[in-house]
Amino acid sequence: MKNQKYEKMRRSAKQYAKKWSHPVSAQGNYLTRIYDEPQQLGWWDDVVFRMGSQIVSVWWMHPRTAYQTQAAFPQIEDGVGDCAIAMEENLVPVYRYLGKNKKRKKVLYYEPAEQDVAAEDESADENDAAYEAALAAEEKALRESDVVIRPHMQVTQTPWGKWVDLCMPVEAVDVASVEAMAATARRLLRGETSLNELFPHYTYSKTDWIKENEA
């Protein structure tokens, strides 16, 4: 028995594809970024193309990006949270008074509380300290984490087409390399190859991170 929800999304995606009219390259890809600054290392990118009766949106990331996300972001969020709390403590509400007798009030927005110069300097120092602590926690996590990233791909059907999360070790840094990444994505989706065939035994870990960041 067919999955009714899935089939409904497929029908919707086919209708969406008929109306899709973004400008595409000679290879049939809609590139969403401008590559005006040369880069040696690729981190993430996205590309959209038509495949069969649907539109395919590929969200690509290099394993180093996945490693950074999984290894360091929890540490960063803790530090940023401390910084945000410190900032919120220095805000005061600005009210608007409502009703005939103006006895009810509603918060419109928040603004920094008036402080003397010494208090402002102390607050700035606290925020700077929280930010530096977050960076230190990130660096430590990236050098010590046991996270290991392997190439992977996940395809999700949506009402607007297929969404592809693709993590593989290619350097998509300019138009030519992004076009090549899109071509590989097409081959993977058609079953003409696999990530295991393309990148056998590949892993990305703290050893790779340290090597790249000490180069």
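Note: the structure precedes this text.
As the structure is a prediction and not an experimental result, all values here were calculated from the model.

Caption draft 1: Region of interest: the overall build of the protein. Looking only at helices and strands, the protein features six helices and seven strands. Mapped from its N terminus to its C terminus, the protein presents α and β elements in the order α-β-β-β-α-β-β-α-β-β-α-α-α. Within the protein, residue pairs in contact and separated by at least 24 positions form 61% of the contacts whose partners lie at least 6 positions apart.

Caption draft 2: Quick look at the pattern of salt bridges. Under the counting rule described, the total for this entry stands at seven salt bridges. Salt-bridge contacts for Arg 64 lead to Glu 171; the nearest nitrogen and oxygen are separated by 2.9 Å. Placement of Arg 64 in helix H2 (residues 63-88) and of Glu 171 in the loop between strand S7 (161-167) and helix H4 (175-190) is noted, with a sequence separation of 107 residues between them. Given the relative accessible area of 1%, Arg 64 is considered buried. One network of salt bridges, with partners in common, ties together Arg 64, Glu 171 and Glu 212.

Caption draft 3: Just a positive patch on the surface, in detail. A cluster of basic side chains, namely Lys 2, Lys 8, Arg 11, Lys 14 and Lys 18, defines a positive patch on the protein surface. Tracing the backbone shows Lys 8 in helix H1 (residues 4-19). For Lys 8, a relative accessible area of 59% corresponds to the exposed category.

Caption draft 4: Broad picture of the nonpolar core. Counting 16 residues, the largest nonpolar core has Val 47, Val 58, Trp 60, Leu 166, Met 168, Met 181 and Leu 195 as its most contacted members. Elements supplying a minimum of two residues to this core: strand S2 (44-51), strand S3 (54-61), S7 and H4. Among the elements that take part in this core, H4 stands out by supplying five residues, more than any other. Ignoring any residue separated from it by four or fewer positions in sequence, one finds Val 47 in contact with Asn 29, Tyr 30, Leu 31, Val 56, Ser 57, Val 58, Val 178, Met 181 and Ala 182.

Caption draft 5: Here's a closer look at the pairing of strand S6 (residues 152-158). Pairing geometry for S6 and S7, over seven bridges, is antiparallel. Looking at S7, one finds that Gln 154 is bridged to Asp 165. Where S6 hands over to S7, the hairpin turn is made up of two residues, counted between the paired strands.

Caption draft 6: Quick peek at H1. For H1, with 16 residues, the first-to-last C-alpha span of 23 Å sits near the 22 Å given by 1.5 Å per residue. Regarding H1, the residues found buried are Glu 7, Met 9, Ala 13 and Ala 17. Along the long axis of H1, the arc covered by the buried residues comes to 155°, so they all point the same way. When the buried face of H1 is taken as reference, the exposed residues oriented beyond 90 degrees from it are Gln 4, Lys 5, Lys 8, Lys 18 and Lys 19. On its buried side, H1 packs onto S2, S3, S6 and S7. N-cap assignment for H1: the residue whose side-chain oxygen lies 3.0 Å from the backbone N of Lys 5 is Asn 3.

Calculation criteria
- Residues numbered from 1 in each chain as written.
- Predicted model: local features only at pLDDT ≥ 70, side-chain atom pairs only at ≥ 80, totals over all residues.
- Heavy atoms only, no water.
- Helix = DSSP H or I, 4+ residues; strand = E, 2+ residues; numbered from the N terminus.
- Contact = heavy atoms within 4.5 Å.
- Salt bridge = Lys/Arg side-chain N within 4 Å of Asp/Glu carboxyl O.
- Buried < 20%, exposed > 50% of the residue type's maximum accessible area, 1.4 Å probe, protein only.
- Patch = residues over 30% accessible without salt bridge, like charges linked within 9 Å, V, L, I, M, F, W, Y side chains within 5 Å.
- Areas by Shrake-Rupley, 256 points an atom, 1.4 Å probe, with all protein chains shown as cover.
- Lys, Arg positive; Asp, Glu negative; His and termini not counted.
- Charge placed at Lys NZ, Arg CZ, Asp CG, Glu CD.
- Core = buried A, V, L, I, M, F, W, Y, C linked by side-chain atoms within 4.5 Å.
- Pairing = 2+ DSSP bridges.
- Expected span 1.5 Å × (residues − 1).
- Arc of directions from axis to C-beta.
- Polar contact = N/O pair within 3.5 Å; in protein donor to acceptor, adjacent residues only side chain to side chain.

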